[in-house]
Amino acid sequence: MRATRRAASGSKLGILTLGMTLLIGSSLVWAMGSRVPTVGTTAEDFQLTDLTGKQQSLSQYRGQVVLVNFWATWCKPCTTEMPAMQAMYDKLQDKGFVVLAVNELEDEAKVREHITQHGHTFPVLMDRENKVANQFGVFGLPVSVFIDEKGVVREYIKGGLLTEQVIRDTVARIQKPDLVKAASLQ
Amino acid sequence: MMKRCAFGFVLSLSVVAPVWPVLQQAEAACGSVTCFVVIGSQQQVPQAGILTFNTMYNYTPMRLLDGTNGVIPAIDQAGRRLILDHHQEVRTITQTVNFDLNYGITDRLGVQVSIPYLWRTHKHIDGLGEEGANGEGELVPFRDNGIGDMIITAKYNVLPTLRSMIVAGFGVQVPTGSTSALDDAGELMESPTQLGRGNVGLIGSVYQTYELIPHRLNQFFYGSYRHTFRNNDGYQFGDEYNLNLGASGVPLERAPWLVLTGQFHWRYLVHDNISASLERSATPADGAGFPGETIVLDPMIANRRVPTTGSTYFAFSPGFQVSLDGLIDSPLTKWTSLYFHSQIPIMRDSNNNLAQGISYIFGVTRSFQLTKSGS
């Protein structure tokens, strides 16, 4: 009889545990649900130090199209797409386009070596605490976020490789309304 | 009531039950739940559109510990009888190949299907006090193989960040395994030795990781709880609590394809329960009745705790994983890893029953991109 009672209380405890697990799980799900900036919303500002020790913020590039690229040296797809980013940065930096390469959780010397070796000239920011990646809902690399002149997220690209064509087309699409407007005024 | 709720809350977070259990029925511990190790790719939620296929081989031997004789009760689920001191355990070996499909529906929501295929050999002496000239019983071997109980799990990545991850899972164990295998004497084998449990099980789980040193040293935790309902034979497997804590790291920066892993595994099984009458084997003290028919202690069919079930097991599992993707540049090795783990018991509460010995696990994991992950 005692065994039966124990078994019954064990089952109740188990079901209670299961219920609590689900409850906590769903609460966390709800709590985490609104973190990622979606296309069409304003990107929250951030401040990070670049490889030269200078403080850089997203808001200082207001008025330009910004490509915020989250990367790491160990991430093969990240390093594969960087030459395309460099090429487009060279071509479009005078036309209101900037690249901010945000490195995730790596040693500064290692990042500097990689950047020097590959001759990248765009600003490289060190996200040492993983804060900006969390702010942008990044949990896999690479992630590229295109932000327009007003600070609004226009494209959020996970994983897929950036090519020169993709960057060119995206920037043109973002800048197009202004160009169209300018053309109509002439 | 408040205390019980608080206890449930603690359990749901840590999956630790501060209870020292009694013992373990060997066969019950030898099912597909043993030798559990955290592989990582199995516990995570893959990115949207990615299918991770994991095939794992698992070898689990069970033998008697020194100083124990392995005399345990018999489960006669066909006759609804629990017969005390009727069996003497000798050995169980379970080999499992687990086919595991893990698919990312979205970047945070995934579904996992685990299909175990089991080979089980078991040897015990049946009919103590009943069979043989001196009631010594007879050696009865048993072997069976086939699909065990499948598990379908829905998983959600609650904390998707680069450095940490928390995945909550809810699984249903489907009774696809057979519960009608016979031993070499033509008798229905006991429920714990069958490949399937005979009824649905519910499994809640939590998986957490944190990169202590980014991309070099990773800490992980896995906790799970299973509840299985009573089957049609009147047998109910005891609830199971699992807790894994470990770390994995890349020892050589020049060889990022090699990952070493060490993890501690703690498992607690609640007593099984059977709806049956209670009998005992005859003993020399019964005089003329020995050897002979079993003696009825309580003819009433009632839910009874099976005394030699329930256990605590604590083990350490060293292992390594080799990423073939990083080692060989070929389409055949893309997103493919091999791994090997051994599980070395540190503490076993076998309570006169068979105890799990050193177990071996090896497998291969490969991911496939089925649909493009979107922007």
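Residue numbers restart at each chain and count upward from 1, following the sequence in its written direction. Key to labels: chains lettered from A, ligands numbered from 1, both in the order written. For a predicted model such as this one, the threshold for reporting local features is a pLDDT of at least 70, and the threshold for listing and counting side-chain atom pairs is 80 or more; totals across whole chains, interfaces and linings nevertheless cover every residue.

Here's the deal with the overall build of chain B
Put simply, the rule is: For the purposes of this entry, the term helix denotes a DSSP run of H or I that reaches at least four residues, the term strand denotes a run of E that reaches at least two, and both are numbered from the N terminus. Residue pairs are scored as contacts if the distance between their C-beta atoms, which are placed from the backbone, is within 7 Å.
What chain B contains, in helices and strands, is three helices and 18 strands. Sequence-distant contacts, at least 24 apart, represent 69% of the contacts inside chain B between residues at least 6 apart.

Topic: the environment of Arg348(B)
All names here are of chain B. Cut-off, in case you're wondering: Exposed residues have 12 or fewer other C-beta atoms within 10 Å of their own C-beta, buried residues have 20 or more, and partly exposed residues fall in between, where C-beta atoms are placed from the backbone.
Mapped onto the secondary structure, arginine 348 falls in strand β16 (residues 336-348). Note on arginine 348: 20 C-beta atoms within 10 Å, which makes it buried. Spatially, the C-alpha atoms of arginine 348 and alanine 315 are 8.4 Å apart, while their sequence positions differ by 33 residues. Excluding residues within four positions of it along the chain, arginine 348 makes contact with Leu65, Tyr313, Ala355 and Gln356.

Describing the sheet that holds strand β3 (residues 65-71) of chain A
All names here are of chain A. Using the following cut-off: A pair of strands is treated as paired once DSSP finds two or more bridges between them. To get an axis, fit a line to the C-alpha atoms, keeping to the stretch in contact for a helix; angles then go from 0 to 180 degrees between the N-to-C directions.
Pairing is mixed across the open sheet formed by seven strands, whose spatial order is β2-β1-β5-β4-β3-β6-β7. The sheet is open, and its two borders are formed by β2 (55-57) and β7 (153-158), each paired with just one other strand. Sheet twist, expressed as the average angle between the axes of neighbouring strands with direction ignored, equals 30 degrees. Looking at chain direction, β3 and strand β4 (residues 97-104) are connected through seven bridges and run parallel.

Let's talk about unusual backbone geometry
A cis amide bond links Leu141(A) to the next residue, Pro142(A), at an omega of -5 degrees. One non-glycine residue, His215(B), lies in the positive phi region at around 60 degrees. Among the secondary structure elements, His215(B) is positioned in the loop between β8 (201-213) and β9 (217-228). Classification of His215(B) by C-beta neighbours within 10 Å gives partly exposed; the count is 19. Residues other than glycine seldom take positive phi values, yet Trp335(B) does so here, at roughly 55 degrees. When you line up the elements, Trp335(B) lands in the loop between α3 (324-327) and β16.

Concerning the confidence of the model for chain B
Residues and elements named next belong to chain B. Selection criterion: Each residue carries a pLDDT score, the predictor's confidence in it, ranging from 0 to 100.
When pLDDT is averaged along chain B, the result is 85, and 90% of the positions lie at 70 or above. Confidence drops under pLDDT 50 across residues 1-33; counting only partners more than four residues distant or on other chains, this segment forms 82 contacts. In the predicted assembly, ipTM is 0.71 and pTM is 0.81.

Quick look at the nonpolar core
Selection criterion: Nonpolar cores are identified as sets of buried Ala, Val, Leu, Ile, Met, Phe, Trp, Tyr and Cys residues joined via C-beta atoms within 7 Å.
In this structure, Met85(A), Val102(A) and Val145(A) are the most contacted members of the largest nonpolar core, which totals 42 residues. For this core, the secondary structure elements donating two or more residues are β3, α2 (76-92), β4, β5 (124-127), α4 (131-135), β6 (143-147), β7 and α5 (164-185) of chain A. In this structure Met85(A) touches Leu67(A), Asn69(A), Val99(A), Phe122(A), Leu162(A) and Ile167(A), once residues within four positions along its chain are discounted. Val38(B), Val158(B), Met165(B) and Val167(B) belong to the second-largest nonpolar core, a separate cluster that totals 18 residues.

Details of α2(A)
Residues and elements named next belong to chain A. Cut-off, in case you're wondering: Working rule for helices: expected span equals 1.5 Å times residues minus one. Two axes enter the bend calculation: one fitted to the seven residues ending at the residue in question, the other to the seven starting there, and the bend is the angle between them.
For α2, which comprises 17 residues, the first-to-last C-alpha distance of 25 Å matches the rise-based estimate of 24 Å (1.5 Å per residue) to within 8%. In α2, a bend of some 30 degrees at methionine 82 exceeds every other bend along the element, and proline 83, a proline, comes one to four places later. Taken together, the buried positions of α2 are Cys78, Glu81, Met82, Met85, Met88, Tyr89 and Leu92.

Some details on the environment of Leu327(B)
All names here are of chain B. Inspection of the secondary structure assignment puts leucine 327 in helix α3. Looking at leucine 327, the number of C-beta atoms within 10 Å reads 16, which means it is partly exposed. Here leucine 327 is in contact with Trp257 and Val322, once residues within four sequence places are set aside.

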